[in-house]
Amino acid sequence: KPHSIPHIYLSALPSSPTSSLAVSQHYLKDFPGALAIGKGRDNSWSSLVITFKGHREVATSVVFSPDEKFITSGSFDRTVRIWNTQTGQEMCEPLRHTDHVVDVTFSPNGSYIASLSWSSSLPSTGTLCIWDVTTIETPILSVMLPIPSSCSIGQFLSINFSPNMKYIAASYDKIITLWHFDNGQLSRRLTHEFEQDIHHFAFSSNSKSIALSLYNM
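These figures come from a predicted structure and were not determined experimentally.

(A) Looking closely at the sheet that holds strand β2 (residues 70-75). Strands sit in the order β1-β2-β3-β4 across an open sheet of four strands; the sheet is antiparallel. Every interior strand has two partners, whereas the edge strands, β1 (59-64) and β4 (95-96), have only one. With two bridges joining them, strand β3 (residues 79-84) and β4 adopt antiparallel strand pairing. Paired with valine 80 across the two strands is leucine 95, which belongs to β4.

Shown next, in the form of structure tokens:
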């Protein structure tokens, strides 16, 4: 039977990696008449599982949903995309910003996506959007951030939900701004006389502390 299971496995043997003890070195010697590939075989199995294609410009951020069923990504093409991790297919139409998307993240419960965009045109602005993954068509919250004219994309990188879902926070320049997640109202701005810019930040598991990483431009 040309399409039997043994035939399929036998056909795959010649293209198995040369370093594969379980397949290549163990079984090929038992089939001296099998097709042989002289050049071009990989040395080891590829670690690449799946490739997600759709963004038209550089992808700037990517994150798994908490249940690992989905991946969301942001890009300079001004879109946020949601992908099925098993099939690689997009789950819906792209979520659109008017400017470059620089960061995306899922909420701890996986029900919301936050995305952050940045405009280099003066006066510089940033837009923080929150999307409900069940409705997804328009953001349930959109906040404009005034960005200092001296700020570049390297100084405006990070958004995070607090683990208790009370806050959504964004960092840019030398500032971290927190909003109440339930109503979008400003909670506070955390500033300090840092000599370096904020590159990234993270909430502690109890949502009471924030750790920062700093760098020089």
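(B) Spotlight on the layout of surface pockets. A volume near 230 Å³ is recorded for the largest pocket. For the largest pocket, the lining is made up of 13 residues, of which Phe70, Ile82, Phe106, Gly110 and Val133 are closest to its centre. A class-by-class count of the residues in the lining of the largest pocket yields eight nonpolar, four polar and one charged.

(C) Highlighting the pairing of strand β6 (residues 112-119). With eight of its eight residues buried, β6 lies for the most part within the structure. One ladder, built from six bridges, connects strand β5 (residues 100-106) with β6; its direction is antiparallel. Residue threonine 105 lies in a different strand from β6, and its bridge partner there is alanine 114. Linking β5 to β6, which pair antiparallel, is a turn of five residues; within it glycine 110 sits at a positive phi near 75 degrees.

The rules behind the values
- Residues numbered from 1 in each chain as written.
- Predicted model: local features only at pLDDT ≥ 70, side-chain atom pairs only at ≥ 80, totals over all residues.
- Heavy atoms only, no water.
- Pairing = 2+ DSSP bridges.
- Helix = DSSP H or I, 4+ residues; strand = E, 2+ residues; numbered from the N terminus.
- 1 Å grid on protein atoms, 1.4 Å probe; cavity = no way out; pocket = protein on both sides within 12 Å on 5 of 7 lines; lining within 4 Å.
- Points joined across faces, edges and corners; volume = space filled by probe spheres on them.
- Nonpolar A, V, L, I, M, F, W, Y, C, P; charged D, E, K, R; others polar.
- Buried < 20%, exposed > 50% of the residue type's maximum accessible area, 1.4 Å probe, protein only.

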